Amino acid sequence: MRANCWMGRNTVEVREVPDPQIMNDRDAVVRITSTSICGSDLHLYDGYIPTMKKGDVLGHEFMGEVVEVGREVRNLRIGDRVVVPFPIACGHCVACERGFFSVCENSNPNAGLAEMVMGHSPAGIYGYSHMLGGFAGGQAEYARVPFADIGPIKIEDDLRDEQVLFLSDVFPTGYMGAEMCDIQRGDIIAVWGAGPVGQFAMASARMLGAERVIAIDRYPQRLRIAQENTGAEVINYEQVDVLEVLRDMTAGRGPDACIDAVGSESHHPSSAINAYDRGKQAVRLETDRPHALREAVLSCRNAGIVSVIGAYGGFIDKFPMGSLMNRSLTLRSGQCHVQRYLRPLLDRIRRGEIDPSFVITHRMRLDEAPKAYEIFKNKQQDCNKVVLSV
Ligand SMILES: [Zn+2]
Ligand SMILES: [Zn+2]
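Conventions adopted
- Residues numbered from 1 in each chain as written.
- Chains lettered and ligands numbered in written order.
- Predicted model: local features only at pLDDT ≥ 70, side-chain atom pairs only at ≥ 80, totals over all residues.
- Heavy atoms only, no water.
- Salt bridge = Lys/Arg side-chain N within 4 Å of Asp/Glu carboxyl O.
- Helix = DSSP H or I, 4+ residues; strand = E, 2+ residues; numbered from the N terminus.
- Buried < 20%, exposed > 50% of the residue type's maximum accessible area, 1.4 Å probe, protein only.
- UniProt positions renumbered as here; feature names shortened; annotations may be inferred.
- Donors = N, O, S within 2.8 Å, 3.2 Å for Na, K, Ca; no water.
- Tetrahedral: all angles 85-135°; square planar, octahedral: opposite > 155°, others 65-115°.
- Axes fitted to C-alpha atoms, helices over the stretch in contact; angles between N-to-C directions.
- Parallel < 35°, antiparallel > 145°, perpendicular 65-115°, else oblique.
- Left-handed = near helix turned anticlockwise from the far one by under 90°.
- Contact = heavy atoms within 4.5 Å.
- Nonpolar A, V, L, I, M, F, W, Y, C, P; charged D, E, K, R; others polar.

So, about the pattern of salt bridges. Note on pairing: side chains with opposite charge can pair once their charged atoms come close. Under the criterion given, the structure shown has 25 salt bridges. For Glu16, the salt bridge is made with Arg2, and the minimal N-O distance between the two is 3.9 Å. Taken together, the residues span a long stretch of sequence, with Glu16 in strand β2 (residues 11–16) and Arg2 in strand β1 (residues 2–8) at a distance of 14 residues. For Glu16, a relative accessible area of 55% translates into the label exposed. Judged by relative accessible area, which is 32%, Arg2 ranks as partly exposed.

So this is what it looks like as structure tokens:
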């Protein structure tokens, strides 16, 4: 089959790779119809995630048709149309039983590698390094889906791929980011990063009752998508001092909760500060650049919540712990426990409360993946989200 493979820093290639096989009775094989490129795929593309190997199949956002099932998969049949959640979860361990699917104890065969960096291992993830399981991803014609009796959700009505594909990651991830803010009536929620995850966090904050949502980014097109689709007020951080503007917008208090939807490759408008963190990252003194996170902590109102859904890989420097501790802030984070949200969010889509396809700016073919990565990475053509049809 054809698949989009990681070939080294800034290089992906669509190549011929072996077809996936059923390896376990709980596996299924899915023929992929639509797949998308995630902001977190750019961390792989940029070479910041360790334990990638040349030839690894990328992609963790995909859907398609079941073409093969293992003996133990009784909930799916050949021909079923499914969306596959990005964290691989067994459904029966202590973590899964409590709903913490993204930290499943049984789905990462390379847990030892992750333990060296993180202390304990999270779940395996499709197409996201050997440290997270070395699973082949979904930017391909077919994918092997482990624990298929637990993860995938069947799509039984006529919703288009574009309306349900993002249940695999960015919609639930944004939703969980908003849910972690414990939103009360009248709350103001600020979101760093107006990419697709940030946009879904804003839309979700609204659905959960936030009175005002504020988007912080530097790309006018992304701010416009956020404004038009979620009613967000917008701040371009290259033009103003974010802390000061947020104070002005919130009667001096700061937003009730701040969401970091940027993660490890954030950018700072001051070239000196930006260079400082880039330099430390380059010599591996820190793996992640935490500009957005620092600002989210400092901006948040006293006793507020900082919710981190942007992806981080390892270690950061100069984290404002004094601000967090002295001002009674709560820090919450996590890779999304997607399996928890599939049914309720599909119901919201079905009821017409949200049409997730609003984030899409580019529709291309799997064969065009190398070009799509370049366009997405460099934000050419106002790129916000790329969907690849297979
Ligand atoms: Zn993703
Ligand atoms: Zn589990």
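Still to come is the rest of the account.
For the rest of this paragraph, the subject is the UniProt feature "domain: Alcohol dehydrogenase-like C-terminal" (unreviewed entry) in the protein chain. Those residues carrying the UniProt feature "domain: Alcohol dehydrogenase-like C-terminal" (unreviewed entry) are residues 196–267 in this numbering. Structurally, residues 196–267 comprises 43% helix and 19% strand, and the distance from its first C-alpha atom to its last is 17 Å.

The next subject is the coordination of the zinc ion (ligand 1). The coordination sphere of the zinc ion (ligand 1) contains the protein donors Cys38 (SG), His60 (NE2), Glu61 (OE) and Asp169 (OD), at a distance range of 1.8 to 2.2 Å. For the zinc ion (ligand 1), the 4 donor atoms in the first shell make angles of 92 to 129 degrees at the metal, a pattern classed as tetrahedral. All donors of the zinc ion (ligand 1) come from a single chain, and their spacing in sequence reads C-x21-H-E-x107-D. In this pair, Cys38 is assigned in the loop between β3 (28–37) and α1 (39–45) and His60 in the loop between β4 (56–57) and β5 (61–69), connecting sequence segments 22 residues apart. The class for His60 is buried, based on a relative accessible area of 2%.

Running from N to C, helix α6 (residues 196–207) and helix α7 (residues 220–230) cross one another at 20 degrees; their axes reach a closest spacing of 10 Å. Accordingly, the angle class assigned to the pair α6 and α7 is roughly parallel. The hand of the α6/α7 crossing is right-handed. Along its contact with α6, which presents Pro196, Gln199, Met202, Ala203 and Arg206, the element α7 presents Arg222, Ile225, Ala226 and Thr230. Broken down by class, the residue content of the contact of α6 with α7 amounts to 5 nonpolar, 2 polar and 2 charged.

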